[in-house]
Amino acid sequence: VAVFFVGPLAMSAVLAFRGKDGGFTLEHFAKAFEFYSTDLWFSAAIVLLSTAAIAVVAIAIAGYLTLGEHPRTVAILRWLYRWPLFIPFIVTAQVMRTFLAKNGMLNHVLIGGGLIDPLQAQSLLDWRGIVVAFVWKQAPFVTLLLAGAMAAVDRQHIEAARNLGAGRLRVLFGIVLPQARRTLMVGLVLSFVTMLSVLSVPMMINPNSPTMLTVDIAYRINSHGDYAVANALCLMSLALASLGAWFYLREAARKAERS
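Residues numbered from 1 in each chain as written. Predicted model: local features only at pLDDT ≥ 70, side-chain atom pairs only at ≥ 80, totals over all residues. Heavy atoms only, no water.

*Asks:* Before we go on, may I ask you to explain a positive patch on the surface in this structure?
*Replies:* There is a patch of like positive charges on the surface, built from Arg182, Arg250, Arg254, Lys255 and Arg258. At four residues, the largest contribution of residues to the positive patch is made by helix 12 (residues 227–258). Inspection of the secondary structure puts Arg254 in helix 12. Taking relative accessible area as the criterion, Arg254 reaches 41% and is therefore assigned partly exposed. (Patch = residues over 30% accessible without salt bridge, like charges linked within 9 Å, V, L, I, M, F, W, Y side chains within 5 Å. Areas by Shrake-Rupley, 256 points an atom, 1.4 Å probe, with all protein chains shown as cover. Salt bridge = Lys/Arg side-chain N within 4 Å of Asp/Glu carboxyl O. Lys, Arg positive; Asp, Glu negative; His and termini not counted. Charge placed at Lys NZ, Arg CZ, Asp CG, Glu CD. Helix = DSSP H or I, 4+ residues; strand = E, 2+ residues; numbered from the N terminus. Buried < 20%, exposed > 50% of the residue type's maximum accessible area, 1.4 Å probe, protein only.)

Shown next as structure tokens:
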């Protein structure tokens with residue numbers, strides 16, 4: 001932790017606040033905010049939207065794995081949903097470039113199925129493509145954690161609710177999900193932080209402005225050699241990641257008070 005996190009974080013903070021004369025300054029943050037404030041809000045919006053979509057997908061899949069009544073469908077879904085876990089982000093980005101392009105597989109399937117005309121085909125290689133890539137890559141991770149937590153719920157609670165006439169949705173949101181909420185929160189916070197740090201997906205899908213802060217950081221270093229502004233952008237990204245940690249810590253503190 002000291003070598004790979006605390007040390008680099010301290011060096012980044014020092015460089016971000018050090019002026020050309022060696023004194024304390026905020027000019028690097030002012031420059032970063034002046035040039036990249038739109039990208040800052042864009043990054044926050046993309047990651048929050050992706051996190052919300054991941055939560056919906058994870059709850060749907062984990063809920064069906066827990067409460068599904070068709071064993072064959074449950075077995076196929078349990079085998080299928082985990083595959084994106086083993087695919088790196090850079091491969092995910094390349095797959096989505098092929099899948100979501102104007103002449104990509106998605107539009108070919110929609111045109112072949114008669115759902116759209118060829119002239120209606122459009123590229124999704126923009127903010128929508130980033131969200132799709134993040135959700136496809138991170139939803140299995142959160143689902144795996146959530147499905148394990150749901151499987152640990154006492155089946156007597158589920159059977160009692162069903163005996164009283166509750167449907168599967170009522171059981172899921174009234175009985176199962178509240179008991180697995182902390183695990184869902186942990187998975188979402190980890191995904192939130194992970195998505196903020198990904199470079200390959202926004203770089204390959206939507207490198208144009210507005211884009212995510214990771215692309216801006218790479219640009220400041222590779223094109224300008226400006227490590228000071230790059231470190232300021234890193235600290236701004238860290239501030240966004242701290243929001244996710246704050247939500248998790250608040251939830252953990254509330255549980256500690258109740259217990």
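*Asks:* It is not clear to me how the packing of aromatic side chains should be interpreted in this structure. Could you clarify?
*Replies:* Both the distance between ring centres and the angle between the ring planes are used here to describe each pair of aromatic rings. If you walk through the whole model with that rule in mind, you get five aromatic pairs. On the basis of an interplanar angle of 35° and a centroid distance of 4.8 Å, the ring pair of Phe17 and Phe29 is categorised as tilted. With Phe17 in helix 1 (residues 2–17) and Phe29 in helix 2 (residues 27–67), the pair connects residues that are 12 residues apart, well separated along the chain. With a relative accessible area of 19%, Phe29 lands in the buried category. For the pair Phe35 and Tyr36, a centre-to-centre distance of 6.2 Å together with 90° between the ring planes defines the contact as edge-to-face. Taking the relative accessible area as the measure of exposure, Tyr36 reaches 8% and is therefore buried. Pairwise contacts between aromatic rings join Phe17, Phe24 and Phe29 into one cluster. Above the plane of the ring of Phe89 lies Lys137, whose end atom (NZ or CZ) is 5.0 Å from the centre. (Phe/Tyr/Trp six-rings, centres within 6.5 Å; stacked < 30°, edge-to-face > 60°. Lys NZ or Arg CZ within 6 Å of the ring centre and 35° of its normal.)

*Asks:* How do you make sense of the side chain of His28 when you look at a structure like this?
*Replies:* In this structure, His28 sits in helix 2. Look past the residues within four positions of His28 in its chain and what remains in contact with it is Leu15, Ala16, Arg18, Gly19, Ala228, Val229 and Ala232. (Contact = heavy atoms within 4.5 Å.)

*Asks:* Even after reading the chapter, I still don't get the layout of surface pockets, so can you show me in this structure?
*Replies:* A probe as big as a water molecule, rolled over the atoms, marks out the empty space that is left. Estimated volume of the largest pocket: approximately 480 Å³. Phe5, Leu9, Cys234, Ser237 and Leu238 are, among the 18 residues lining the largest pocket, the residues nearest its centre. Mapped onto the lining of the largest pocket, the elements with two or more residues apiece are helix 1, helix 9 (181–196), helix 11 (213–224) and helix 12. If you tally residues by element for the lining of the largest pocket, the top one is helix 1, at seven residues. Grouping the amino acids of the lining of the largest pocket by side-chain chemistry returns 13 nonpolar, five polar and no charged. (1 Å grid on protein atoms, 1.4 Å probe; cavity = no way out; pocket = protein on both sides within 12 Å on 5 of 7 lines; lining within 4 Å. Points joined across faces, edges and corners; volume = space filled by probe spheres on them. Nonpolar A, V, L, I, M, F, W, Y, C, P; charged D, E, K, R; others polar.)

*Asks:* Explanation requested: a nonpolar patch on the surface in the structure shown.
*Replies:* Together, Ile76, Trp79, Leu80, Trp83 and Phe86 make up an exposed nonpolar region whose accessible area comes to about 630 Å². You can see Trp83 is positioned in the loop between helix 3 (71–80) and helix 4 (89–100).

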